[in-house]
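Listed below are the residues making up each chain.
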Amino acid sequence: MESGVKFLLVSSEGQETAGAPKSLTFFFFFFHCLPTKRAARTQGEKKKTAPRTNCKVTRRARREMSMNADLGKPRELTGLQQRRALYQPELPPCLEGKAIRVEFGDSTTTIDPTCANMVAQEFPNTFGQPLVHFLKPNKMDAQANDEHPPIRVGVVFSGRQSPGGHNVIWGIYDAMKTQNLQSVLLGFIGGTEGLFANQTLEITDDALSAYRNQGGFDFLGRTVDQIHTTEQVNAAMSTCCDLDLDGLVIIGGVTSNSDAAQLAETFANHNCKTKVVGVPVSLNGDLKNQFVETTVGFDTVCKVNSQLISNVCLDAISAGKYYHFVRVMGWKASHVALECALQSQPNMVILGEEVAFSKLTLKEIISKICDGVQARAAQEKYHGVLLISEGLIESIPEMFALIQEINILHSNKVPENNIPSQLSPWATALYNYLPPFIRRELLLHQDSDNSAQLSQIDTEQLLAHLVEAEMNKRMKEGKYVGRKFSSVCHFFGYQARGSLPSNFDCDYAYVLGHICMHILAAGLNGYMAFATNLKEPTNKWRCAAVPLTAMMSVKRHSRSPGAVPTGKPVIHPSPVDLQGKAYALLREKASSFLLDDFYRTPGGIQFDESGANVKPITLTVEDQDYLGDIELLQDYLEKVRNIVKPGCSREILKAAISSMSSVKDVLKVMSAPFYAELPLFNLN
């Protein structure tokens, strides 16, 4: 049974997006939730983010903390950890050995041609650099260099901890030592704060031994996830100059790699010899575009969460009386929710992208959930599991507007207790409608990127509270006949971040680490390491480097034909592609998920045997080999050149001109900008 709701894709700001599917089915899957009122918090009030301190204070704090920290020290490993430490990640043939062929392709641009000039103006030293391929050298290949001088490289964890991050460092280290044993790799203790304060640890084989294939970021640790201010950038540059670094590798997600691009541009502008390289490591999976098929850590996080969700599903059907509301991580995109839904098959999934697409209000969402509860009750099923992402609340138009008002008041230094009295009339009405616990959470200080603390907003509790109220209302009105609705709520936000990484994440991170070293050895600045064709075995992966500026875009705040991009060029989070094959697969299964309890139990992460190399479903169903497609295009172009040579017939020449003219016109139309707020590269 499918809902008749039709959708119109909009941005998180509530603006309509062109190029979206005309009709989508909203999925409903249900849950069993405890018949209790919202449980009292055992941890007290939500922790508030402290105001940003100046660099001098944070350096002092960093020094004091480093005196007592155990970061980077040898540690005792359990039997499972010891076994994981013995796993040797695979390398593609192109990265094996000392001699690597570096091939420079065409110069790059941005996904939105109208943004190219803005990005070029903002990044004059690093924009338009070529795509770089790393290939296995042919015999007698003059381009493959077998002699490499020693280099000094620094590495920093900048993003949230994500399984596999340690293997990036391992990959860099092994590649450096393979090319020259005199090379030095330094890790910054405490993330970006350690970078600013010049707190380093020399990475050695002994130091790495306890962290190979291990979860978390506890080898070096992390603090704030930003290099934004002029003071921070200058402190980072000062550290790199003091340490005489040839390269700086920044491991992180969307924000961290945007910062890496700015740092690379600043270094180039000041003739600092340090080259900056970014690595896509993010558990949310939202650093995804035409180059990056997935991020390090995403596979592991989804496997761990899917096991937890499947456990909840089996608990729900066993008890037969609760609806479970489950929230998983995913701030600006619902990639984790989508992958976990395909792996565990809960009764209902609500993706933030769907809600934005349909412009569904909070009341409409609650109504649709209740309709699903009634449909299951008609089959005498009074249990179910609902899955949402933590960013869902910002996808609801009126909630997003309310959060924006609160954020503006925070930015204007309005005291937290005074914010409710300064909201606009409509925002005040919505604020007062919400349960008290949600009101408190909405008022929390902004996160480090000036956005709401979405992980601290119990959206699953809000939905459960409102659904229970609506079901009680329907029961009183005689519209619902069945058991009293009861709910249990879960937030799987931190349970997976420190997990032992899957084989895929171990291999992927290790490969990216090798690519980082080869980028620096080639003297490239402002690049990201990436690999494509990841759904195939490791020996078929294609390894390359892309300028960070090629992944940048500028938001638009108007849909009129004359609208121009505004704001600063950055790498934007990529939302779930509602026209992609992975989403289509979920739509196809929506009806059976809703009414039939086809719960799937993937179990824990497998490290051996047949299940050890299973990759994310969302990765395997898509066709994402961007480098392979470029190679195919170049092959076709070369064949055309060989056919249309001087001396060919006039008929062949005219046919070629006509065909190429048509191709040019089609591509020109396709490259016209979408007047939308969402990142453009994900709207096919």
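Notes on the structure follow. All values derive from a computational prediction rather than experimental measurement.

## Section: the pairing of strand S9 (residues 323-328)
Consideration 1: For S9, the tally of buried residues reaches 6 of 6 residues, placing the bulk of the element in the interior.
Consideration 2: Side chains of S9 alternate between two faces, with Tyr323, Phe325 and Arg327 and His324, Val326 and Val328 buried alike.

## Comments concerning the packing of aromatic side chains
Consideration 1: On inspection of all chains with the given rule, the structure shows 11 aromatic pairs.
Consideration 2: Judged by centre distance (5.4 Å) and plane angle (25 degrees), the rings of tyrosine 323 and phenylalanine 485 are stacked. One end of the pair, tyrosine 323, is in strand S9; the other, phenylalanine 485, is in the loop between helix H17 (459-476) and strand S12 (487-492), and 162 residues separate them in sequence.
Consideration 3: By relative accessible area, which is 4% here, phenylalanine 485 ends up buried.
Consideration 4: With 6.2 Å between their ring centres and 80 degrees between their planes, phenylalanine 491 and tyrosine 494 make a pair best called edge-to-face.
Consideration 5: Take tyrosine 494: its relative accessible area is 43%, and that puts it in the partly exposed class.
Consideration 6: Every member of this aromatic cluster is reached through a ring pair, and the members are Phe291, Phe530 and Tyr626.
Consideration 7: Seen from the ring of phenylalanine 491, arginine 327 lies directly overhead, with NZ or CZ sitting 3.7 Å from the centre.
Consideration 8: Sitting above the plane of the tyrosine 431 ring, arginine 439 keeps its charged end 5.9 Å from the centroid.

## Concerning the packing of helix H7 (residues 230-242) against helix H8 (residues 254-269)
Consideration 1: Put simply, H7 and H8 touch, their axes get as near as 11 Å, and they point 60 degrees apart. The angle between H7 and H8 places the two elements in the oblique class. Where H7 crosses over H8, the handedness of that crossing is right-handed. Contacts from Val233, Ala236, Met237 and Cys240 in H7 reach Leu263, Thr266 and Phe267 in H8.
Consideration 2: Of the residues belonging to the contact of H7 with H8, the class tally is 6 nonpolar, 1 polar and no charged.

## Quick notes on the sheet that holds strand S14 (residues 542-547)
Consideration 1: Taken in spatial order, the 9 strands line up as S2-S3-S14-S13-S8-S7-S4-S5-S6 in an open sheet, and their pairing is mixed. Each edge of the open sheet carries a strand with a single partner, namely strand S2 (101-107) and strand S6 (200-202). The mean angle between the axes of side-by-side strands here comes to 25 degrees, regardless of whether they run parallel or antiparallel.
Consideration 2: As judged from the 6 bridges shared by strand S7 (residues 247-252) and strand S8 (residues 275-280), these two strands associate in the parallel manner. Each bridged residue has a counterpart across the sheet, and for isoleucine 250 the counterpart in S8 is glycine 278.

## A look at the pattern of salt bridges
Consideration 1: Scanning the entire structure with this criterion turns up 20 salt bridges.
Consideration 2: Salt-bridge contacts for aspartate 597 lead to arginine 376; the nearest nitrogen and oxygen are separated by 3.0 Å. Of this pair, aspartate 597 sits in the loop between helix H19 (581-595) and helix H20 (617-620) while arginine 376 sits in helix H12 (residues 362-377), and the two are 221 residues apart along the sequence.
Consideration 3: With a relative accessible area of 18%, aspartate 597 lands in the buried category.
Consideration 4: Under the relative-accessibility criterion, arginine 376 is labelled buried at 0%.
Consideration 5: Arginine 542 is the partner of glutamate 631 in a salt bridge, and the nearest nitrogen-oxygen pair spans 3.2 Å. Of this pair, glutamate 631 sits in helix H21 (residues 626-643) while arginine 542 is found in strand S14, placing the two residues 89 residues apart along the sequence.
Consideration 6: Among the charged side chains, a salt-bridge network with shared partners connects Asp244, Asp246 and Lys273.

## What to know about the packing of helix H10 (residues 335-344) against H19
Consideration 1: One way to put it is that H10 packs onto H19 with a least axis distance of 10 Å and a crossing angle of 50 degrees. In terms of axis orientation, H10 runs oblique to H19. For the pair H10 and H19, the sense of crossing is left-handed. Between H10 and H19, the contacting residues are Leu338, Ala341 and Leu342 on the first element and Ala582, Tyr583, Leu585, Leu586 and Phe593 on the second.
Consideration 2: The class makeup of the residues in the contact of H10 with H19 is 8 nonpolar, no polar and no charged.

## Describing the environment of aspartate 608
Consideration 1: For aspartate 608, the location among the structural elements is in the loop between H19 and H20.
Consideration 2: For aspartate 608, a relative accessible area of 37% corresponds to the partly exposed category.
Consideration 3: Note: C-alpha distance between aspartate 608 and asparagine 503 (105 residues apart in sequence) is 8.9 Å.
Consideration 4: Within the local environment of aspartate 608, its side chain forms a polar contact with the side chain of arginine 83, the two groups lying 2.7 Å apart.

## Points about the environment of glycine 252
Consideration 1: Among the secondary structure elements, glycine 252 is positioned in strand S7.
Consideration 2: On the basis of relative accessible area, glycine 252 is assigned to the buried category, the value being 1%.
Consideration 3: Non-local contacts of glycine 252, meaning those with residues more than four positions away in its chain, are made with Gly159, Asn257, Val279, Pro280, Val281 and Leu287.

How each quantity is defined
Residues numbered from 1 in each chain as written. Predicted model: local features only at pLDDT ≥ 70, side-chain atom pairs only at ≥ 80, totals over all residues. Heavy atoms only, no water. Buried < 20%, exposed > 50% of the residue type's maximum accessible area, 1.4 Å probe, protein only. Helix = DSSP H or I, 4+ residues; strand = E, 2+ residues; numbered from the N terminus. Phe/Tyr/Trp six-rings, centres within 6.5 Å; stacked < 30°, edge-to-face > 60°. Lys NZ or Arg CZ within 6 Å of the ring centre and 35° of its normal. Axes fitted to C-alpha atoms, helices over the stretch in contact; angles between N-to-C directions. Parallel < 35°, antiparallel > 145°, perpendicular 65-115°, else oblique. Left-handed = near helix turned anticlockwise from the far one by under 90°. Contact = heavy atoms within 4.5 Å. Nonpolar A, V, L, I, M, F, W, Y, C, P; charged D, E, K, R; others polar. Pairing = 2+ DSSP bridges. Salt bridge = Lys/Arg side-chain N within 4 Å of Asp/Glu carboxyl O. Polar contact = N/O pair within 3.5 Å; in protein donor to acceptor, adjacent residues only side chain to side chain.

The analysis is restricted to geometry; functional conclusions fall outside its scope.
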